[in-house]
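Single-letter residue listing:
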Amino acid sequence: MADFTLDDPNWGMALFLAAIIITILAAVLVLALQKPVFFRMSLRNAFRRRSQTTIVVLGLMVGTAILSASLVASDSMEYWIVEDVYTDQFLVDEWVGTEGSATFDYSVYEALAADEDVTAATDGLSPIMFLYGTSINNLDEGQTETGVNVQGIDLDLDRSLGEFEAVDGGDITSASLGDSEVIVTRSLAKTARMDVGDSIMVYYVPPSSANATSGQGDGSIHFIALTVAHIVKDAGKTNHNEGRTLFINLATAQEMVGAPNAINAIRVSNNGGVVDGAEGSDDAVKAMEAALEGVAPTVGMTGDQFTVTPVKANGVKNAEDASSEIGNLLLIASSFTVVAGTLLIINIFTMLAEERKKELGISRAIGMRRSNLVRTFVFEGMVYSLIAASLGTLIGLGIGWGLINGFLGAIEGTDTIPFYFKSSSVLIAFCVGTLITIGTVAYSSRKISKLNIVRSIRSMEEPKLRKGGMKSVYQGSVMLALGLVMSYIGFALNGSISLQALGPSVVVIGLCLVLRRWASTEIANSA
(Lines give C-alpha, C1' and ligand atoms only; values in the text may rest on other atoms or scores of the structure.)
Protein backbone atom coordinates (compact mmCIF):
# COMPACT_ATOMS: atom_id res chain seq x y z
CA MET A 1 0.00 0.00 0.00
CA ALA A 2 1.38 3.41 -0.96
CA ASP A 3 2.11 5.89 1.82
CA PHE A 4 -0.23 8.86 1.94
CA THR A 5 -1.36 11.72 4.13
CA LEU A 6 -4.92 12.90 4.62
CA ASP A 7 -6.13 16.29 3.48
CA ASP A 8 -6.06 18.72 6.38
CA PRO A 9 -8.82 21.32 5.88
CA ASN A 10 -8.64 22.49 9.51
CA TRP A 11 -5.23 24.12 9.19
CA GLY A 12 -6.80 27.55 8.66
CA MET A 13 -8.71 27.30 11.94
CA ALA A 14 -5.64 25.89 13.72
CA LEU A 15 -3.47 28.80 12.59
CA PHE A 16 -6.20 31.28 13.55
CA LEU A 17 -6.36 29.86 17.07
CA ALA A 18 -2.56 29.81 17.25
CA ALA A 19 -2.54 33.50 16.27
CA ILE A 20 -4.93 34.24 19.14
CA ILE A 21 -2.67 32.38 21.57
CA ILE A 22 0.40 34.25 20.31
CA THR A 23 -1.43 37.57 20.65
CA ILE A 24 -2.42 36.75 24.25
CA LEU A 25 1.13 35.67 25.09
CA ALA A 26 2.49 38.87 23.58
CA ALA A 27 0.07 40.93 25.67
CA VAL A 28 1.04 39.02 28.81
CA LEU A 29 4.73 39.52 27.97
CA VAL A 30 4.18 43.29 27.67
CA LEU A 31 2.41 43.31 31.05
CA ALA A 32 5.25 41.24 32.54
CA LEU A 33 7.84 43.72 31.27
CA GLN A 34 5.82 46.59 32.68
CA LYS A 35 5.45 44.90 36.08
CA PRO A 36 8.42 42.49 36.39
CA VAL A 37 8.06 42.24 40.17
CA PHE A 38 4.57 40.77 39.94
CA PHE A 39 5.69 38.42 37.17
CA ARG A 40 8.51 37.08 39.37
CA MET A 41 6.05 36.68 42.22
CA SER A 42 3.79 34.63 39.96
CA LEU A 43 6.64 32.34 38.88
CA ARG A 44 7.65 31.88 42.51
CA ASN A 45 4.10 30.98 43.50
CA ALA A 46 3.69 28.61 40.55
CA PHE A 47 6.70 26.46 41.48
CA ARG A 48 6.90 27.05 45.24
CA ARG A 49 4.84 23.99 46.17
CA ARG A 50 5.56 21.23 43.64
CA SER A 51 2.87 18.86 44.89
CA GLN A 52 0.27 21.62 44.63
CA THR A 53 1.52 22.60 41.18
CA THR A 54 1.28 18.99 40.05
CA ILE A 55 -2.33 18.72 41.24
CA VAL A 56 -3.24 21.99 39.54
CA VAL A 57 -1.64 20.99 36.23
CA LEU A 58 -3.30 17.57 36.29
CA GLY A 59 -6.67 19.16 36.91
CA LEU A 60 -6.23 21.73 34.16
CA MET A 61 -5.11 19.27 31.52
CA VAL A 62 -8.11 16.91 31.75
CA GLY A 63 -10.22 18.72 29.16
CA THR A 64 -7.29 19.17 26.76
CA ALA A 65 -6.33 15.50 27.00
CA ILE A 66 -9.86 14.27 26.24
CA LEU A 67 -10.24 16.74 23.37
CA SER A 68 -6.90 15.68 21.90
CA ALA A 69 -7.85 12.00 22.23
CA SER A 70 -11.16 12.57 20.42
CA LEU A 71 -9.49 14.33 17.49
CA VAL A 72 -6.74 11.71 17.23
CA ALA A 73 -9.24 8.83 17.28
CA SER A 74 -11.30 10.54 14.55
CA ASP A 75 -8.20 11.08 12.39
CA SER A 76 -7.11 7.47 12.84
CA MET A 77 -10.53 6.16 11.83
CA GLU A 78 -10.52 8.35 8.72
CA TYR A 79 -7.03 7.14 7.78
CA TRP A 80 -8.06 3.53 8.27
CA ILE A 81 -11.13 3.85 6.04
CA VAL A 82 -9.25 5.76 3.32
CA GLU A 83 -6.44 3.21 3.45
CA ASP A 84 -9.01 0.46 2.92
CA VAL A 85 -10.33 2.33 -0.16
CA TYR A 86 -6.84 2.63 -1.65
CA THR A 87 -6.12 -1.02 -0.87
CA ASP A 88 -9.37 -2.24 -2.41
CA GLN A 89 -9.21 -0.16 -5.62
CA PHE A 90 -5.42 0.19 -5.99
CA LEU A 91 -4.87 1.96 -9.37
CA VAL A 92 -8.55 1.88 -10.35
CA ASP A 93 -10.17 5.32 -10.09
CA GLU A 94 -13.44 4.86 -12.01
CA TRP A 95 -15.72 2.04 -13.06
CA VAL A 96 -17.79 2.29 -16.22
CA GLY A 97 -20.84 0.07 -16.29
CA THR A 98 -24.61 -0.16 -16.51
CA GLU A 99 -27.42 -0.64 -14.03
CA GLY A 100 -27.38 -4.11 -12.54
CA SER A 101 -23.96 -4.82 -14.11
CA ALA A 102 -25.66 -5.72 -17.38
CA THR A 103 -23.45 -6.58 -20.34
CA PHE A 104 -22.76 -4.29 -23.28
CA ASP A 105 -20.79 -4.48 -26.50
CA TYR A 106 -16.98 -4.62 -26.41
CA SER A 107 -16.83 -1.78 -28.94
CA VAL A 108 -17.74 0.63 -26.11
CA TYR A 109 -14.33 -0.03 -24.59
CA GLU A 110 -12.66 0.46 -27.96
CA ALA A 111 -14.40 3.81 -28.41
CA LEU A 112 -13.27 5.04 -24.99
CA ALA A 113 -9.71 3.84 -25.56
CA ALA A 114 -9.60 5.73 -28.86
CA ASP A 115 -11.09 8.98 -27.54
CA GLU A 116 -8.45 11.73 -27.26
CA ASP A 117 -10.01 13.44 -24.24
CA VAL A 118 -10.28 10.13 -22.38
CA THR A 119 -6.69 9.11 -23.12
CA ALA A 120 -5.48 12.57 -22.06
CA ALA A 121 -7.06 12.16 -18.61
CA THR A 122 -6.26 8.47 -18.04
CA ASP A 123 -3.30 6.12 -18.28
CA GLY A 124 -5.10 2.79 -18.43
CA LEU A 125 -8.44 1.17 -19.31
CA SER A 126 -9.25 -2.49 -18.82
CA PRO A 127 -12.42 -4.20 -20.17
CA ILE A 128 -13.70 -6.94 -17.87
CA MET A 129 -16.52 -9.39 -17.41
CA PHE A 130 -17.33 -9.18 -13.71
CA LEU A 131 -19.33 -11.89 -11.92
CA TYR A 132 -20.39 -10.95 -8.39
CA GLY A 133 -21.04 -13.24 -5.44
CA THR A 134 -20.17 -16.58 -6.99
CA SER A 135 -19.59 -19.78 -5.04
CA ILE A 136 -16.68 -22.12 -5.54
CA ASN A 137 -16.06 -25.70 -4.55
CA ASN A 138 -12.63 -27.28 -4.34
CA LEU A 139 -13.29 -30.65 -5.94
CA ASP A 140 -10.05 -32.12 -4.55
CA GLU A 141 -10.56 -31.03 -0.91
CA GLY A 142 -14.35 -30.61 -0.79
CA GLN A 143 -14.01 -27.07 0.59
CA THR A 144 -16.73 -24.56 -0.41
CA GLU A 145 -16.43 -20.77 -0.32
CA THR A 146 -19.11 -18.16 -1.02
CA GLY A 147 -18.95 -14.44 -1.77
CA VAL A 148 -16.18 -14.88 -4.32
CA ASN A 149 -15.94 -12.53 -7.31
CA VAL A 150 -14.77 -13.62 -10.75
CA GLN A 151 -13.01 -11.19 -13.08
CA GLY A 152 -12.64 -12.05 -16.72
CA ILE A 153 -9.76 -9.87 -17.92
CA ASP A 154 -7.48 -9.31 -20.88
CA LEU A 155 -4.15 -9.91 -19.15
CA ASP A 156 -2.26 -7.66 -21.55
CA LEU A 157 -4.64 -4.68 -21.20
CA ASP A 158 -5.00 -5.21 -17.47
CA ARG A 159 -1.27 -4.66 -16.88
CA SER A 160 -1.95 -0.91 -16.78
CA LEU A 161 -3.76 -1.54 -13.48
CA GLY A 162 -0.88 -3.45 -11.91
CA GLU A 163 1.00 -6.70 -12.26
CA PHE A 164 0.30 -10.09 -10.74
CA GLU A 165 2.98 -11.35 -8.34
CA ALA A 166 3.07 -15.13 -8.44
CA VAL A 167 3.88 -16.86 -5.17
CA ASP A 168 6.41 -19.09 -6.96
CA GLY A 169 8.04 -16.05 -8.59
CA GLY A 170 7.05 -17.00 -12.14
CA ASP A 171 5.73 -14.63 -14.80
CA ILE A 172 2.00 -14.56 -15.54
CA THR A 173 1.13 -13.67 -19.11
CA SER A 174 -1.80 -14.24 -21.42
CA ALA A 175 0.08 -17.19 -22.88
CA SER A 176 0.50 -18.82 -19.46
CA LEU A 177 -3.22 -18.86 -18.67
CA GLY A 178 -5.33 -21.38 -20.54
CA ASP A 179 -9.01 -21.10 -21.39
CA SER A 180 -10.06 -23.37 -18.51
CA GLU A 181 -7.51 -22.11 -16.02
CA VAL A 182 -7.80 -19.62 -13.18
CA ILE A 183 -5.57 -17.33 -11.11
CA VAL A 184 -6.27 -17.46 -7.36
CA THR A 185 -5.14 -15.10 -4.60
CA ARG A 186 -3.07 -16.58 -1.79
CA SER A 187 -5.63 -15.68 0.89
CA LEU A 188 -8.46 -17.38 -1.02
CA ALA A 189 -6.27 -20.38 -1.81
CA LYS A 190 -5.56 -20.74 1.90
CA THR A 191 -9.20 -20.59 3.05
CA ALA A 192 -10.38 -22.89 0.22
CA ARG A 193 -7.35 -25.19 0.65
CA MET A 194 -6.43 -24.86 -3.01
CA ASP A 195 -3.10 -25.53 -4.65
CA VAL A 196 -1.78 -25.26 -8.19
CA GLY A 197 -3.34 -28.02 -10.28
CA ASP A 198 -6.48 -28.40 -8.16
CA SER A 199 -9.85 -28.49 -9.88
CA ILE A 200 -12.60 -26.16 -8.71
CA MET A 201 -16.25 -25.79 -9.63
CA VAL A 202 -17.54 -22.22 -9.99
CA TYR A 203 -21.28 -21.57 -9.57
CA TYR A 204 -22.54 -18.27 -10.98
CA VAL A 205 -25.52 -16.41 -12.42
CA PRO A 206 -24.80 -14.77 -15.82
CA PRO A 207 -25.58 -11.03 -15.94
CA SER A 208 -28.44 -9.74 -18.06
CA SER A 209 -27.89 -7.79 -21.25
CA ALA A 210 -28.15 -4.02 -21.65
CA ASN A 211 -28.45 -4.23 -25.44
CA ALA A 212 -29.41 -6.73 -28.10
CA THR A 213 -25.84 -7.54 -29.18
CA SER A 214 -24.24 -8.51 -25.89
CA GLY A 215 -25.91 -11.77 -24.87
CA GLN A 216 -28.72 -12.42 -22.42
CA GLY A 217 -28.61 -13.87 -18.91
CA ASP A 218 -31.50 -16.14 -18.00
CA GLY A 219 -31.20 -15.75 -14.19
CA SER A 220 -30.45 -19.42 -13.62
CA ILE A 221 -27.40 -20.82 -11.83
CA HIS A 222 -24.62 -22.06 -14.12
CA PHE A 223 -21.39 -23.83 -13.27
CA ILE A 224 -18.02 -24.49 -14.87
CA ALA A 225 -14.98 -26.53 -13.90
CA LEU A 226 -11.63 -24.70 -13.86
CA THR A 227 -8.07 -25.61 -12.94
CA VAL A 228 -5.86 -23.53 -10.63
CA ALA A 229 -2.95 -22.39 -12.79
CA HIS A 230 -1.36 -19.71 -10.59
CA ILE A 231 -1.52 -18.54 -6.99
CA VAL A 232 -0.64 -14.88 -6.58
CA LYS A 233 0.23 -12.67 -3.65
CA ASP A 234 -2.40 -10.43 -2.07
CA ALA A 235 -0.88 -7.21 -3.36
CA GLY A 236 -2.03 -4.40 -5.63
CA LYS A 237 -5.07 -5.19 -7.73
CA THR A 238 -5.58 -8.63 -6.17
CA ASN A 239 -6.67 -7.01 -2.88
CA HIS A 240 -10.06 -6.14 -4.36
CA ASN A 241 -12.93 -7.73 -2.40
CA GLU A 242 -10.43 -8.51 0.38
CA GLY A 243 -8.61 -10.90 -1.93
CA ARG A 244 -11.63 -13.13 -2.54
CA THR A 245 -11.37 -12.93 -6.32
CA LEU A 246 -10.68 -15.35 -9.17
CA PHE A 247 -9.10 -14.13 -12.41
CA ILE A 248 -9.76 -15.81 -15.73
CA ASN A 249 -9.29 -14.95 -19.39
CA LEU A 250 -11.86 -12.50 -20.76
CA ALA A 251 -12.73 -14.92 -23.55
CA THR A 252 -13.47 -17.64 -20.98
CA ALA A 253 -15.76 -15.31 -19.02
CA GLN A 254 -17.58 -14.26 -22.21
CA GLU A 255 -18.16 -17.91 -23.06
CA MET A 256 -19.45 -18.54 -19.52
CA VAL A 257 -22.18 -15.90 -19.91
CA GLY A 258 -22.88 -16.71 -23.55
CA ALA A 259 -21.76 -13.31 -24.88
CA PRO A 260 -18.57 -13.71 -26.97
CA ASN A 261 -18.20 -10.00 -27.74
CA ALA A 262 -19.45 -8.43 -24.49
CA ILE A 263 -18.20 -6.98 -21.25
CA ASN A 264 -20.07 -5.53 -18.27
CA ALA A 265 -17.50 -3.11 -16.84
CA ILE A 266 -14.48 -1.04 -17.74
CA ARG A 267 -11.98 -0.23 -15.04
CA VAL A 268 -10.18 3.07 -15.49
CA SER A 269 -6.92 4.37 -14.06
CA ASN A 270 -6.37 8.13 -14.12
CA ASN A 271 -3.04 9.82 -14.64
CA GLY A 272 -1.06 9.49 -11.45
CA GLY A 273 -0.66 6.81 -8.84
CA VAL A 274 -2.75 5.09 -6.20
CA VAL A 275 -3.32 8.24 -4.15
CA ASP A 276 -3.17 11.18 -6.53
CA GLY A 277 -5.04 9.47 -9.36
CA ALA A 278 -8.40 10.26 -7.75
CA GLU A 279 -7.65 13.99 -8.03
CA GLY A 280 -8.29 13.80 -11.77
CA SER A 281 -11.65 12.04 -11.47
CA ASP A 282 -13.74 15.09 -12.40
CA ASP A 283 -11.96 15.55 -15.73
CA ALA A 284 -11.91 11.82 -16.46
CA VAL A 285 -15.62 11.39 -15.70
CA LYS A 286 -16.60 14.32 -17.95
CA ALA A 287 -14.48 13.00 -20.82
CA MET A 288 -15.90 9.47 -20.55
CA GLU A 289 -19.50 10.62 -20.23
CA ALA A 290 -19.11 12.70 -23.39
CA ALA A 291 -17.56 9.76 -25.24
CA LEU A 292 -20.30 7.38 -24.08
CA GLU A 293 -22.99 9.74 -25.39
CA GLY A 294 -21.44 9.37 -28.81
CA VAL A 295 -20.87 5.61 -28.84
CA ALA A 296 -24.10 4.51 -27.12
CA PRO A 297 -26.36 4.78 -30.22
CA THR A 298 -23.97 2.57 -32.22
CA VAL A 299 -24.58 -0.34 -29.82
CA GLY A 300 -28.34 0.12 -29.43
CA MET A 301 -28.16 2.02 -26.15
CA THR A 302 -28.49 5.55 -24.82
CA GLY A 303 -25.86 7.54 -22.96
CA ASP A 304 -27.83 7.62 -19.72
CA GLN A 305 -27.77 3.81 -19.54
CA PHE A 306 -24.07 4.03 -18.70
CA THR A 307 -22.73 5.10 -15.34
CA VAL A 308 -19.23 6.37 -14.70
CA THR A 309 -18.53 5.99 -10.99
CA PRO A 310 -15.47 7.63 -9.42
CA VAL A 311 -15.17 4.82 -6.90
CA LYS A 312 -11.95 5.98 -5.29
CA ALA A 313 -12.94 9.65 -4.91
CA ASN A 314 -16.35 8.58 -3.57
CA GLY A 315 -14.69 6.19 -1.15
CA VAL A 316 -12.41 8.91 0.20
CA LYS A 317 -15.36 11.30 0.55
CA ASN A 318 -17.39 8.64 2.37
CA ALA A 319 -14.43 8.05 4.67
CA GLU A 320 -14.31 11.75 5.53
CA ASP A 321 -18.06 11.79 6.22
CA ALA A 322 -17.89 8.65 8.36
CA SER A 323 -14.93 9.90 10.38
CA SER A 324 -16.69 13.25 10.81
CA GLU A 325 -19.71 11.48 12.33
CA ILE A 326 -17.45 9.45 14.61
CA GLY A 327 -15.54 12.58 15.54
CA ASN A 328 -18.76 14.44 16.37
CA LEU A 329 -19.87 11.65 18.70
CA LEU A 330 -16.49 11.66 20.43
CA LEU A 331 -16.47 15.44 20.72
CA ILE A 332 -20.00 15.45 22.15
CA ALA A 333 -18.85 12.92 24.74
CA SER A 334 -15.65 14.87 25.43
CA SER A 335 -17.53 18.16 25.72
CA PHE A 336 -18.94 16.97 29.05
CA THR A 337 -15.38 16.47 30.25
CA VAL A 338 -14.38 19.88 28.92
CA VAL A 339 -17.30 21.46 30.79
CA ALA A 340 -16.37 19.58 33.96
CA GLY A 341 -12.78 20.69 33.44
CA THR A 342 -13.88 24.32 33.16
CA LEU A 343 -15.69 24.13 36.49
CA LEU A 344 -12.70 22.29 37.94
CA ILE A 345 -10.41 25.14 36.90
CA ILE A 346 -12.64 27.66 38.70
CA ASN A 347 -12.63 25.51 41.84
CA ILE A 348 -8.86 25.00 41.67
CA PHE A 349 -8.15 28.73 41.55
CA THR A 350 -10.70 29.40 44.25
CA MET A 351 -8.87 26.80 46.33
CA LEU A 352 -5.52 28.48 45.64
CA ALA A 353 -6.94 31.84 46.66
CA GLU A 354 -8.38 30.34 49.85
CA GLU A 355 -5.00 28.86 50.81
CA ARG A 356 -3.27 32.19 50.23
CA LYS A 357 -6.07 34.26 51.70
CA LYS A 358 -4.01 35.87 54.45
CA GLU A 359 -1.07 36.47 52.12
CA LEU A 360 -3.32 38.15 49.56
CA GLY A 361 -5.02 40.24 52.26
CA ILE A 362 -1.68 41.49 53.58
CA SER A 363 -0.54 42.32 50.04
CA ARG A 364 -3.67 44.35 49.47
CA ALA A 365 -3.28 46.03 52.89
CA ILE A 366 0.25 47.28 52.17
CA GLY A 367 -0.77 48.81 48.86
CA MET A 368 -1.14 46.19 46.12
CA ARG A 369 -3.85 47.34 43.77
CA ARG A 370 -6.66 45.03 42.77
CA SER A 371 -5.52 45.14 39.12
CA ASN A 372 -2.04 43.99 40.16
CA LEU A 373 -3.57 41.11 42.11
CA VAL A 374 -5.44 40.08 38.98
CA ARG A 375 -2.22 40.31 36.96
CA THR A 376 -0.40 38.12 39.45
CA PHE A 377 -3.00 35.37 39.17
CA VAL A 378 -3.19 35.73 35.38
CA PHE A 379 0.60 35.37 35.12
CA GLU A 380 0.50 32.31 37.33
CA GLY A 381 -2.46 30.92 35.41
CA MET A 382 -0.63 31.37 32.10
CA VAL A 383 2.22 29.22 33.38
CA TYR A 384 -0.21 26.51 34.47
CA SER A 385 -2.17 26.81 31.19
CA LEU A 386 0.81 26.33 28.90
CA ILE A 387 2.19 23.41 30.89
CA ALA A 388 -1.23 21.74 31.24
CA ALA A 389 -2.16 22.23 27.57
CA SER A 390 1.18 20.83 26.39
CA LEU A 391 1.02 17.78 28.66
CA GLY A 392 -2.71 17.31 28.00
CA THR A 393 -2.18 17.30 24.24
CA LEU A 394 0.59 14.69 24.50
CA ILE A 395 -1.30 12.52 26.98
CA GLY A 396 -4.33 12.80 24.70
CA LEU A 397 -2.31 11.09 21.98
CA GLY A 398 -1.88 8.11 24.29
CA ILE A 399 -5.55 8.10 25.26
CA GLY A 400 -6.44 8.29 21.54
CA TRP A 401 -4.25 5.27 20.89
CA GLY A 402 -6.12 3.43 23.63
CA LEU A 403 -9.50 4.40 22.11
CA ILE A 404 -8.39 3.12 18.71
CA ASN A 405 -7.38 -0.23 20.15
CA GLY A 406 -10.66 -0.32 22.03
CA PHE A 407 -12.50 -0.03 18.71
CA LEU A 408 -10.85 -3.25 17.50
CA GLY A 409 -13.02 -5.38 19.73
CA ALA A 410 -16.18 -3.78 18.31
CA ILE A 411 -15.23 -4.16 14.62
CA GLU A 412 -15.40 -7.74 13.42
CA GLY A 413 -12.61 -8.95 11.15
CA THR A 414 -10.27 -6.04 11.91
CA ASP A 415 -6.79 -6.86 13.14
CA THR A 416 -5.42 -3.35 13.43
CA ILE A 417 -6.36 0.29 13.03
CA PRO A 418 -3.40 2.54 12.15
CA PHE A 419 -2.49 5.25 14.63
CA TYR A 420 -2.60 8.53 12.75
CA PHE A 421 -3.25 12.16 13.56
CA LYS A 422 -3.27 15.41 11.62
CA SER A 423 -0.94 18.19 12.72
CA SER A 424 -3.87 20.60 12.86
CA SER A 425 -5.71 18.34 15.32
CA VAL A 426 -2.81 18.48 17.77
CA LEU A 427 -2.51 22.25 17.38
CA ILE A 428 -6.26 22.78 17.76
CA ALA A 429 -6.38 20.63 20.91
CA PHE A 430 -3.50 22.63 22.41
CA CYS A 431 -4.97 26.01 21.46
CA VAL A 432 -8.53 25.25 22.57
CA GLY A 433 -7.29 23.79 25.87
CA THR A 434 -5.12 26.85 26.44
CA LEU A 435 -7.91 29.30 25.56
CA ILE A 436 -10.43 27.61 27.85
CA THR A 437 -7.93 27.63 30.70
CA ILE A 438 -6.86 31.24 30.13
CA GLY A 439 -10.44 32.46 29.88
CA THR A 440 -11.47 30.62 33.01
CA VAL A 441 -8.37 31.80 34.88
CA ALA A 442 -9.10 35.42 33.92
CA TYR A 443 -12.68 35.04 35.21
CA SER A 444 -11.50 33.42 38.44
CA SER A 445 -8.79 36.04 38.97
CA ARG A 446 -11.29 38.87 38.72
CA LYS A 447 -13.51 37.11 41.21
CA ILE A 448 -10.61 36.46 43.62
CA SER A 449 -9.44 40.07 43.46
CA LYS A 450 -12.65 41.23 45.16
CA LEU A 451 -11.61 39.73 48.51
CA ASN A 452 -12.21 41.74 51.68
CA ILE A 453 -8.86 42.85 53.16
CA VAL A 454 -9.86 42.68 56.82
CA ARG A 455 -11.59 39.29 56.58
CA SER A 456 -8.64 37.90 54.61
CA ILE A 457 -6.02 39.02 57.15
CA ARG A 458 -8.09 37.76 60.10
CA SER A 459 -8.97 34.50 58.19
CA MET A 460 -12.66 35.09 58.67
CA GLU A 461 -15.25 33.23 56.65
CA GLU A 462 -16.72 35.05 53.70
CA PRO A 463 -20.40 36.00 54.04
CA LYS A 464 -22.95 34.27 51.88
CA LEU A 465 -22.87 35.91 48.47
CA ARG A 466 -26.00 37.67 47.35
CA LYS A 467 -27.98 36.67 44.32
CA GLY A 468 -27.22 38.30 41.00
CA GLY A 469 -29.37 40.99 39.44
CA MET A 470 -30.87 41.38 36.00
CA LYS A 471 -27.45 42.37 34.65
CA SER A 472 -26.29 38.83 35.40
CA VAL A 473 -29.33 37.45 33.56
CA TYR A 474 -28.64 39.60 30.50
CA GLN A 475 -24.98 38.65 30.41
CA GLY A 476 -25.76 34.99 30.96
CA SER A 477 -28.47 34.95 28.31
CA VAL A 478 -26.09 36.39 25.74
CA MET A 479 -23.42 33.83 26.59
CA LEU A 480 -25.96 31.01 26.68
CA ALA A 481 -27.31 31.96 23.24
CA LEU A 482 -23.77 32.34 21.90
CA GLY A 483 -22.80 28.93 23.26
CA LEU A 484 -25.88 27.27 21.77
CA VAL A 485 -25.18 28.87 18.37
CA MET A 486 -21.53 27.77 18.51
CA SER A 487 -22.57 24.23 19.45
CA TYR A 488 -25.23 24.09 16.72
CA ILE A 489 -22.82 25.30 14.03
CA GLY A 490 -20.13 22.99 15.30
CA PHE A 491 -22.16 19.78 15.57
CA ALA A 492 -25.34 20.08 13.49
CA LEU A 493 -23.76 21.94 10.57
CA ASN A 494 -20.37 20.18 10.77
CA GLY A 495 -18.60 23.42 11.63
CA SER A 496 -15.05 23.80 12.91
CA ILE A 497 -13.66 21.64 15.68
CA SER A 498 -12.98 24.68 17.85
CA LEU A 499 -16.71 25.56 17.89
CA GLN A 500 -17.54 21.99 18.89
CA ALA A 501 -15.10 22.19 21.79
CA LEU A 502 -15.79 25.74 23.00
CA GLY A 503 -19.57 25.84 22.54
CA PRO A 504 -20.58 23.59 25.49
CA SER A 505 -18.22 25.46 27.84
CA VAL A 506 -19.75 28.83 26.90
CA VAL A 507 -23.23 27.33 27.47
CA VAL A 508 -22.28 26.26 31.00
CA ILE A 509 -20.78 29.66 31.90
CA GLY A 510 -23.87 31.44 30.55
CA LEU A 511 -26.16 29.10 32.46
CA CYS A 512 -24.29 29.80 35.69
CA LEU A 513 -24.71 33.57 35.19
CA VAL A 514 -28.44 33.17 34.55
CA LEU A 515 -28.92 30.98 37.65
CA ARG A 516 -27.32 33.66 39.85
CA ARG A 517 -30.55 35.65 39.55
CA TRP A 518 -32.49 33.05 41.54
CA ALA A 519 -29.76 31.24 43.50
CA SER A 520 -26.67 32.22 45.41
CA THR A 521 -23.37 32.40 43.54
CA GLU A 522 -22.05 29.26 45.23
CA ILE A 523 -25.10 27.23 44.20
CA ALA A 524 -25.10 28.66 40.65
CA ASN A 525 -21.43 27.89 40.11
CA SER A 526 -21.81 24.34 41.40
CA ALA A 527 -25.01 23.55 39.48
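(A) Highlighting the overall build of the chain. Along its length, the chain carries 16 helices and 11 strands. Out of the 527 residues in the chain, the part that is buried amounts to 49%. If you take every contact in the chain between residues at least 6 apart in sequence, the share linking residues at least 24 apart comes to 82%. Accessible surface for the chain amounts to roughly 24,200 Å². Of this, 59% is attributable to carbon and sulfur atoms.

(B) Inspection of the nonpolar core at higher detail. Formed by 51 residues in total, the largest nonpolar core has its most connected members in Leu112, Met194, Leu246 and Ile266. For this core, the element with the highest residue contribution is helix α8 (residues 281–295), accounting for 7 residues. Residues contacting methionine 194, with those up to four places away along its chain left out, are Ile136, Asn138, Val184, Leu188, Ala189, Ile200, Val228 and Ile231. Core analysis: the second largest hydrophobic core is formed by 25 residues, Val57, Leu373, Val441 and Ile448 among them.

(C) Layout of unusual backbone geometry. Notably, serine 101 is not glycine yet its phi reads approximately 55°, a positive angle. When you line up the elements, serine 101 lands in the loop between β1 (94–98) and β2 (104–105). You will see that asparagine 241, though not glycine, has its phi angle at about 60°, which is positive. By the element assignment, asparagine 241 lies in the loop between β7 (222–232) and β8 (245–249). Taking relative accessible area as the criterion, asparagine 241 reaches 23% and is therefore assigned partly exposed.

(D) Molecular detail of the side chain of aspartate 158. Structurally, aspartate 158 can be placed in the loop between β4 (144–153) and β5 (181–185). Exposure remark for aspartate 158: the relative accessible area of 0% places this residue in the buried category. A distance of 2.7 Å separates polar atoms of two side chains, one belonging to aspartate 158 and the other to arginine 267. Apart from residues lying up to four places away in sequence, aspartate 158 is in contact with Ser126, Ile153, Lys237 and Arg267.

(E) The packing of aromatic side chains, seen in detail. In the structure shown here, the tally under the stated rule is 11 aromatic pairs. Plain terms: the ring middles of phenylalanine 4 and tyrosine 86 are 4.9 Å apart, the flat faces sit at 85° to each other, and that makes the pair edge-to-face. Taken together, the residues phenylalanine 4 in the segment before α1 (11–34) and tyrosine 86 in helix α3 (residues 50–89) connect sequence positions 82 residues apart. Summarising the burial analysis for this pair, phenylalanine 4 and tyrosine 86 share the class buried.

(F) Quick peek at the pairing of β1. β1 sits mainly inside the fold: 5 of its 5 residues count as buried. Examined bridge by bridge, β1 and strand β10 (residues 265–270) share 3 bridges and lie antiparallel to one another. In the sheet register, tryptophan 95 faces β10, and the bridge partner there is arginine 267. As paired strands, β1 and strand β11 (residues 306–309) are joined by 4 bridges and run antiparallel to one another. Note on β11: the bridge partner recorded for tryptophan 95 is threonine 309.

(G) Focus on a positive patch on the surface. Together, Arg370, Arg446, Lys450 and Lys471 give the surface a local cluster of positive charge. With respect to the helices and strands, lysine 471 occurs in helix α14 (residues 470–492). With a relative accessible area of 61%, lysine 471 lands in the exposed category.

(H) Up close: the environment of threonine 337. Structurally, threonine 337 is set in helix α9 (residues 311–355). Measuring from C-alpha to C-alpha, the distance between threonine 337 and valine 62 comes to 7.4 Å, with 275 residues separating the pair along the chain. When sequence neighbours within four positions are dropped, the list of residues in contact with threonine 337 reads Val62 and Ile66.

What counts and how
- Residues numbered from 1 in each chain as written.
- Predicted model: local features only at pLDDT ≥ 70, side-chain atom pairs only at ≥ 80, totals over all residues.
- Heavy atoms only, no water.
- Helix = DSSP H or I, 4+ residues; strand = E, 2+ residues; numbered from the N terminus.
- Buried < 20%, exposed > 50% of the residue type's maximum accessible area, 1.4 Å probe, protein only.
- Contact = heavy atoms within 4.5 Å.
- Areas by Shrake-Rupley, 256 points an atom, 1.4 Å probe, with all protein chains shown as cover.
- Core = buried A, V, L, I, M, F, W, Y, C linked by side-chain atoms within 4.5 Å.
- Polar contact = N/O pair within 3.5 Å; in protein donor to acceptor, adjacent residues only side chain to side chain.
- Phe/Tyr/Trp six-rings, centres within 6.5 Å; stacked < 30°, edge-to-face > 60°.
- Pairing = 2+ DSSP bridges.
- Patch = residues over 30% accessible without salt bridge, like charges linked within 9 Å, V, L, I, M, F, W, Y side chains within 5 Å.
- Salt bridge = Lys/Arg side-chain N within 4 Å of Asp/Glu carboxyl O.
- Lys, Arg positive; Asp, Glu negative; His and termini not counted.
- Charge placed at Lys NZ, Arg CZ, Asp CG, Glu CD.

Read these as layout, nothing more, since geometry by itself doesn't imply function.
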